[in-house]
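Here is how the chains run, residue by residue.
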Amino acid sequence: FREFYQCDIDVIGKDALSPRHDAEIPAVIHAVFDRLAIGDFTIQINHRKLLRGFFEGLGIEGEAQDRVLRELDKLDKRGEDAVRATLMGEGFGLADAAADRLLAFSRVRSTGHADALAKLAALGAGTPLFDEGRDALIATLAQLKAMGVPESRYAINLSIARGLDYYTGIVYETTLDAHPEIGSI
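Caption draft 1: Structural detail: the pairing of strand 1 (residues 41-47). Of all seven residues that make up strand 1, seven are buried, and the element is covered over most of its length. Residues Phe41, Ile43, Ile45 and His47 of strand 1 are buried on one face, and the alternating residues Thr42, Gln44 and Asn46, pointing to the opposite face, are buried as well. In terms of strand pairing, strand 1 meets strand 3 (residues 170-176) through seven bridges, oriented antiparallel. Looking at strand 3, one finds that threonine 42 is bridged to threonine 175.

This is the structure we're talking about:
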């Protein structure tokens, strides 16, 4: 009973792909949505390695990471209180301090390019996977700026997780600024 339309952009290659593709996809999203004149929108960006590295720093490993990722992906739908209760409940059993750090991390949002870089720097040192994800996210932001995507059109949002396991790098969600209740478009 849920109907939606989908337009897809795929990058296909063998072995390794250039990291510039991580910026080309949101650049295409910007160009298309701008031409459609659908109103102001924001492409929210995160990196799965940054998330997984943060989880490692909290002692969340293996399959538990997958469950936490799927739960974080529900923050906008279920709200912070419900997600917190699940993270601390049966099947997760996170301590108060770990749940607090996880939810504080997921609240990080930027309001411009310089703000995004400052907030990523303020996260401090982490695991090697965390640092790799942050470096990739910073590189993607630099490429977006170099491609001329206005900084009002993109922001980091560290709650963006995408619940499916095949997401391993940069993840995006685009929302209409005037209608966030619609969710991802």
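What follows continues from the structure just given.
Caption draft 2: Layout of the pattern of salt bridges. For the structure shown, the criterion picks out 11 salt bridges. Of the charged contacts in the structure, one is a salt bridge between arginine 52 and aspartate 66, with a shortest N-O distance of 2.6 Å. Of the two residues, arginine 52 is situated in helix 2 (residues 48-57) and aspartate 66 in helix 3 (residues 63-72); the sequence distance between them amounts to 14 residues. Aspartate 66 matches arginine 52 in its accessibility class, with the two residues each being buried. We note a salt bridge from aspartate 131 to arginine 134, for which the minimum N-O separation is 3.1 Å.

Caption draft 3: Local environment of the sheet that holds strand 2 (residues 154-156). The strand order 2-1-3 describes an open sheet built from three strands, whose pairing is mixed. Here the strands that pair on one side only, and so sit at the sheet edges, are strand 2 and strand 3. When the angles between neighbouring strand axes are averaged without regard to direction, this sheet yields 30°. Against the sheet, helix 8 (residues 128-146) touches strand 1, strand 2 and strand 3, its axis set at about 150° to strand 1.

Caption draft 4: Expanded view of unusual backbone geometry. Within the chain, alanine 37 stands out as a residue other than glycine whose phi angle is a positive 50°. Relative to the elements of secondary structure, alanine 37 occurs in the loop between helix 1 (21-36) and strand 1. A relative accessible area of 63% places alanine 37 in the exposed class.

Caption draft 5: Representation of the side chain of histidine 21 within the structure. Position of histidine 21 among the secondary structure elements: in helix 1. Given the relative accessible area of 17%, histidine 21 is considered buried. Looking at histidine 21, its side chain comes within polar contact range of the side chain of glutamate 24, at 2.9 Å. In contact with histidine 21, other than residues within four places in its own chain, are Val11 and Tyr172.

Caption draft 6: Fine view of the nonpolar core. Of all hydrophobic cores here, the largest spans 40 residues; its most connected members are Ile45, Phe55, Leu72, Leu102 and Leu137. Ranked by residue count, the leading element in this core is helix 1, at five residues. If we ignore the near neighbours within four places in the chain, the residues touching phenylalanine 55 are Ile60, Gln65, Val68, Leu69, Leu72 and Leu102.

Caption draft 7: Inspection of empty space enclosed by the protein at higher detail. According to the stated counting rule, one finds one cavity of 30 Å³ or more in the structure shown. Its boundaries defined by the atoms lining it, the largest cavity holds a volume of some 40 Å³. Leu72, Asp73, Asp76, Lys77, Ser159, Ile160 and Glu173 together form the lining of the largest cavity. When grouped by side-chain class, the residues that make up the lining of the largest cavity number two nonpolar, one polar and four charged.

Caption draft 8: Up close: the packing of helix 2 against helix 6 (residues 96-106). Following both chains from N to C, one finds helix 2 and helix 6 inclined at 160°, their axes separated by 11 Å at the closest point. By the angle between their directions, the pair helix 2 and helix 6 is classed as roughly antiparallel. As helix 2 packs across helix 6, the resulting crossing turns out to be right-handed. Of the residues in helix 6, those touching helix 2 at Leu50, Leu51, Phe54 and Phe55 are Arg101, Leu102 and Phe105.

Caption draft 9: Local environment of the packing of aromatic side chains. Counted by the stated rule, this structure contains three aromatic pairs. Pairing phenylalanine 54 with phenylalanine 105 gives two aromatic rings, centres 4.0 Å apart and planes at 10°, and the pair type is stacked. Linking phenylalanine 54 in helix 2 with phenylalanine 105 in helix 6, this pair joins segments that are 51 residues apart in sequence. Their ring planes at 40° and their centres at 6.5 Å tell us that phenylalanine 54 and phenylalanine 130 sit as a pair that is tilted. Placement of phenylalanine 54 in helix 2 and of phenylalanine 130 in helix 8 is noted, with a sequence separation of 76 residues between them.

Rules used in this analysis
- Every chain is numbered on its own, with residues counted from 1 as its sequence reads.
- Side-chain atom pairs in this predicted model are given and counted only at pLDDT of 80 or more, local residue features only at pLDDT of at least 70, and totals for whole chains, interfaces and linings cover all residues.
- With hydrogens and water excluded, all non-hydrogen atoms of the structure serve as input to the side-chain values.
- Burial classification: accessible surface area is computed with a 1.4 Å probe over protein chains only, and a residue below 20% of its type maximum counts as buried, one above 50% as exposed, and the rest as partly exposed.
- Numbering goes from the N terminus for both helices and strands, where a helix is a DSSP run of H or I of at least four residues and a strand is a run of E of at least two.
- Any two strands between which DSSP finds at least two bridges are classified as paired.
- Salt bridges, as used here, are contacts in which a Lys or Arg side-chain nitrogen is within 4 Å of a carboxyl oxygen on Asp or Glu.
- Throughout, an axis means a line fitted to C-alpha atoms (over the contacting stretch in the case of helices), and angles, computed between N-to-C directions, take values from 0 to 180 degrees.
- We call two residues in contact when some of their heavy atoms are within 4.5 Å.
- Polar contacts here mean pairs of N or O atoms no more than 3.5 Å apart (in protein, one a potential hydrogen donor and the other a potential acceptor; neighbouring residues in sequence count only if both atoms are side-chain atoms).
- As used in this record, nonpolar core signifies buried Ala, Val, Leu, Ile, Met, Phe, Trp, Tyr and Cys residues forming a set joined through side-chain atoms within 4.5 Å.
- Points on a 1 Å grid, built from protein atoms alone, make a cavity when a 1.4 Å probe fits but cannot get out and make a pocket when they are open with protein on both sides within 12 Å along at least 5 of 7 lines; residues with an atom within 4 Å of a point are the lining residues.
- Grid points are joined across faces, edges and corners, and a volume is the space filled by probe spheres set on the points.
- Three residue categories are used. Nonpolar comprises Ala, Val, Leu, Ile, Met, Phe, Trp, Tyr, Cys and Pro, charged comprises Asp, Glu, Lys and Arg, and polar comprises the others, including Gly.
- Every angle not falling under 35 degrees, over 145, or within 65 to 115 is termed oblique; those three ranges are roughly parallel, roughly antiparallel and roughly perpendicular.
- By convention, the crossing between two helices is left-handed when the near helix turns anticlockwise from the far helix through less than a right angle, and right-handed when the turn is clockwise.
- The rule is short: rings of Phe, Tyr and Trp, with Trp giving its six-membered ring, pair when the centres are within 6.5 Å, and they are stacked under 30 degrees, edge-to-face over 60, tilted in between.

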